[in-house]
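Examination of the molecular architecture
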Amino acid sequence: MNDKTAVAPSNFIRHIIDEDIKNNKNQGKVKTRFPPEPNGYLHIGHAKSICLNFGLAKDYQGVCNLRFDDTNPEKEDMEYVDSIKEDVTWLGFKWFEDVKYSSDYFDKLYQYAIDLIKDGKAYVCSLSPEQAREYRGSLTEPGKDSPYRSRTIEENLELFEKMKQGKFDEGEHVLRAKIDMASGNMNMRDPIIYRIRKEAHHQTGNQWCIYPMYDYTHCISDALEGITHSVCTLEFEDHRPLYDWFLDQIDIDCHPQQIEFARLNLNYTVTSKRKLKQLVDENIVNGWDDPRMPTISGFRRRGYTPASIRDFSERTGVTKVDGIVDMSLLEFCIREDLEHHAARTMCVIRPLKVIIDNYEEDKIEKLSAPKHPKNTDMGNRSLIMEKEIYIDHQDFTEDPPPKYKRLTTGKEIRLRNSYVIKCESVVKDEQGNITELHCSYDPETLGKNPEGRKVQGVIHWVSANHSHVAVVKEYDRLFTVEKPDGQNQDFLSFYNPNSLVEHTSARIEPDLIKAQVGENFQFEREGYFVKDKDSSDELPVFNRTVTLRDNWEKKPDNKDAKPRRRRG
RNA sequence: UGGGCCGUCGCCAAGCGGUAAGGCCCCGGGUUUUGAUCCCGGUAUGCGCAGGUUCGAAUCCUGCCGGCCCAGCCA
């Protein structure tokens, strides 16, 4: 799956599994699961969880289930289950057997609930939500027993049956576990097992009007599926006693081990379904798959590859330390992948016409250039050289800073894969804007360096009459600060208005018009780009995945650096 | 004395009593028709702080300090 020889990453979960296998726990088997709730699109944090769970299963010759944790019909939707399946598949993983749903177990869950009632471990509580909150106590004060805690088993059975039959309204009654209202762990203060929700469910339709809660459902679903290691994030640490409690009370022969790890945080973005949904709903971005979004679908559209995201997941490690990973690591991962696999091409994003005065009128030369500087197996592409070409506005200045390696008046420059040209004169409009350059070329410099002179740089270019117009979208980080969801300010106030810059008159090499949507390229000297789905046959659209690393722009003494592209 | 968890380089992260791996970022230098790639080299006398145990402590003990999570009929 990965080109690189996998260096078995050491982490505490693997230590636990290694120990379990050594002790022949679970007959030495490993079975994991990825349990998303279909209430939004998956983001980079989920990607890490997917890579962890499926990766663990793969490395230990086990299997991994995909199970939708669908116990809250209010927030869930088929659109999300479809997108989640697509994302998991795209990342390169195959789930065991068919997709599973917690709702597959609603009947069994109901039976176990009846067992709990019969054992005196659960009761129907008729406190209103407000009253229940008061009875629950606070973080520092114990709660009080519900007055309904002592209902008889018969009464509970009858009430619960009626709840299921729809005889009550939402909020009238709930089924609660009878544990300990004085527990320091809020989750153990008689947690709710079932609540009434008169809502159609995307899998079970109108079959049910009572729905089980997460804590009750998750552990039993894991056990029913024979999961050995139930990996989840840190915030569920407090829920583990409850996870274990339910499995200890019911008659079931499997007791998976819940293990918590720190969720992935990335700087300059947000990874909370609620906030991502807000960005979509308020049209701050253009949908869940906007290339600026940290969603899997966003990264896919941005041009990230599955391998790069898997690599990133592995490099960030698995621990219980709640940290925030630098975006630069993700950028490193995609650059590394694309450096090896993306074909090279030239695209002039901000065209500036260059007329080569001593180049023969109407002459056309067909040149050839490698698609990759090192991997010759990728073959060549052809270029057209002629009297009029375009170079990038940013590759010319009349006032060059020290060590400038682009074109300037009276100096020579190498046209990548073509001749050396020299700038003879500059044409400007009334406002003083540079509109055209007149150059001369040295016919002796195709494929070889001029004798006795050193050319100070190389710039990319494209033929004026044999190139195509294209739209190029440059993306930058979505937020202007590292932790947009920091303290006391709305995260939206940190939105980066320059996160999308669109260039509508870019010019691409002739061959690039044949590119496929989703195909990755390196626009030489600019960055990695991918053809977007918004392309038409006449007008291709390219998204910038990431820039090339650039040591020049970072130099503090480089006064030319500012207006040029930013990271991203 | 509410409960749970976490603190090793700017960011991740190994380490599990024998004297601080690695990656990213960053900084030098070399090669280069991409200011890319690639290649060399550099970057924690110290592991939140303070004591203690020990021949020896990031690793064990004690006490502090700092951070995160929990009071949804959400997951």
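Nothing here was measured: the structure is a model prediction, and the numbers come from that model.

**Structural notes on the packing of aromatic side chains**
Taken as a whole, this structure holds 21 aromatic pairs when the rule is applied. Aromatic side chains Trp 245 and Phe 246 sit 5.4 Å apart centroid to centroid with 75 degrees between the ring planes, which places their arrangement in the edge-to-face category. With respect to burial, Trp 245 and Phe 246 carry one shared label: buried. Both rings, one in Phe 521 and one in Phe 542, keep their centres 6.4 Å apart while their planes meet at 80 degrees; by these two values the pair is edge-to-face. Of this pair, Phe 521 sits in strand 23 (residues 520–523) while Phe 542 sits in strand 25 (residues 541–547), placing them 21 residues apart in sequence. For the pair shown, Phe 521 and Phe 542 are each scored as buried. Each member of the aromatic cluster is reached from another via a ring pair, and the members are Phe 106, Tyr 110, Phe 160, Tyr 194, Trp 208, Tyr 211, Tyr 216, Trp 245 and Phe 246. Positioned above the aromatic ring of Trp 90 is the side chain of Arg 300, whose terminal nitrogen or guanidinium carbon lies 5.2 Å from the ring centre. Arg 477 extends its terminal NZ or CZ atom over the ring of Tyr 268, reaching a point 3.9 Å from the ring centre.

**With respect to the side chain of Glu 412**
By secondary structure assignment, the location of Glu 412 is in strand 16 (residues 412–415). A residue is classified by how much of its surface remains accessible, and Glu 412, at 15% relative accessible area, is buried. Those residues in contact with Glu 412 that sit more than four places away from it in its chain are Val 420, Ile 421, Lys 422, Arg 453, Val 455 and Gln 456.

**Here's the deal with the sheet that holds strand 12 (residues 351–356)**
The sheet built from seven strands is open, its strands ordered 19-16-17-18-12-15-20 with mixed pairing. Every other strand in the sheet has two partners, leaving strand 19 (458–459) and strand 20 (461–463) as the edge strands with one partner each. The pairing of strand 15 (residues 388–392) with strand 20 spans three bridges and is classified as antiparallel. When the sheet's bridge partners are listed, Tyr 390 is paired in strand 20 with Val 462.

**As for the nonpolar core**
Phe 160, Leu 175, Ile 193, Tyr 194, Tyr 216 and Phe 246 are the most contacted members of the largest nonpolar core, which totals 37 residues. At the level of secondary structure, the elements contributing two or more residues to this core comprise helix 4 (106–118), strand 4 (122–125), helix 6 (153–165), strand 5 (174–177), strand 6 (192–196), strand 7 (210–212), helix 7 (214–224) and helix 8 (240–249). If you tally residues by element for this core, the top one is helix 4, at eight residues. Among the nonpolar cores identified, the runner-up in size contains 35 residues, and Ile 44, Leu 91, Ile 309 and Ala 342 belong to it.

**Overview of the pattern of salt bridges**
A complete count under the given rule lists 43 salt bridges for this structure. The salt bridge partner of Arg 149 is Asp 145, with a shortest N-O separation of 3.7 Å. Given a relative accessible area of 15%, Arg 149 falls into the buried group. Close ionic contact of Asp 392 with Arg 350 constitutes a salt bridge, the shortest N to O distance being 2.8 Å. A residue pair is termed long-range when its members are at least 10 positions apart, and Asp 392 in strand 15 and Arg 350 in the loop between strand 11 (347–348) and strand 12 qualify at 42 residues.

**Structural notes on the pairing of strand 9 (residues 257–261)**
Among the five residues in strand 9, four count as buried, and that is most of the element. Bridge analysis of strand 8 (residues 229–233) against strand 9 gives five bridges, and the strand direction is parallel. Within strand 9, the residue paired with His 229 across the bridge is Gln 257. As a crossover connection, the stretch from strand 8 through helix 8 into strand 9 is right-handed.

**Topic: the domain arrangement of chain A**
Each assigned domain of chain A is listed with its residue range as follows: domain 1 (3–261) and domain 2 (344–568). Computed from C-alpha coordinates alone, the two centres of domain 1 and domain 2 are separated by 53 Å.

**Some details on the sheet that holds strand 11**
Sheet architecture is open: seven strands sit in the order 10-23-24-25-21-22-11, paired in mixed fashion. The open sheet is flanked by strand 10 (343–345) and strand 11, the only strands paired with a single partner. Both strand 24 (residues 527–531) and strand 25 contribute to a ladder of five bridges, which runs antiparallel. Counterpart to Gly 527 in the pairing with strand 25 is Thr 547. Strand contacts of helix 12 (residues 327–341): strand 10, strand 23, strand 24 and strand 25, with the helix running at about 115 degrees to strand 25, the strand carrying the most contacts.

**Examining the pairing of strand 6**
Two faces belong to every sheet, and in a regular strand the side chains alternate between them. Where burial is concerned, most of strand 6 is hidden: four out of the five residues are buried. Across three bridges, the pairing between strand 5 and strand 6 is antiparallel. Residue pairing in the sheet places Arg 176 in a bridge with Ile 192 of strand 6. Two strands pair when backbone bridges link them, and strand 6 and strand 7 are joined in this way by three bridges, in the antiparallel orientation. Bridge pairing in strand 7 places Tyr 194 opposite Pro 212.

Analysis parameters
Note that residues are indexed from 1 along each chain, following the sequence as it is written. In the order they appear in the text, chains get letters beginning with A and ligands get numbers beginning with 1. For a predicted model such as this one, the threshold for reporting local features is a pLDDT of at least 70, and the threshold for listing and counting side-chain atom pairs is 80 or more; totals across whole chains, interfaces and linings nevertheless cover every residue. Computation of side-chain values covers all heavy atoms of the structure but excludes hydrogens and water. Ring pairs are drawn from Phe, Tyr and Trp, using the six-membered ring of Trp, whenever the two centres fall within 6.5 Å, and their geometry is named by plane angle: stacked under 30 degrees, edge-to-face over 60, tilted for the rest. For the exposure calls, accessible area comes from a 1.4 Å probe over protein chains only, and a residue counts as buried if that area is under 20% of its type's maximum, exposed if over 50%, partly exposed in between. Secondary structure counts use DSSP, requiring at least four H or I residues in a row for a helix and at least two E residues in a row for a strand, with both numbered from the N terminus. In this scheme, the term charge over a ring applies when either NZ of a lysine or CZ of an arginine sits within 6 Å of the ring centre and within 35 degrees of the ring normal. The contact criterion used is simple: two residues touch if any of their non-hydrogen atoms lie within 4.5 Å. One requirement defines pairing of two strands: DSSP has to find at least two bridges between them. Nonpolar cores are built from buried Ala, Val, Leu, Ile, Met, Phe, Trp, Tyr and Cys residues. Side-chain atoms within 4.5 Å join them into one set. Salt bridge, as used here: a side-chain nitrogen of Lys or Arg that lies within 4 Å of a carboxyl oxygen of Asp or Glu. Call a crossover right-handed when, viewed with both strands pointing away from you, the route from the first strand across the helix to the second goes clockwise. Segmentation into domains, and thus their bounds, comes from an automatic or database assignment. Think of each axis as a best-fit line through the C-alpha atoms, taken over the contacting stretch in the case of a helix, with angles from 0 to 180 degrees between the N-to-C directions.

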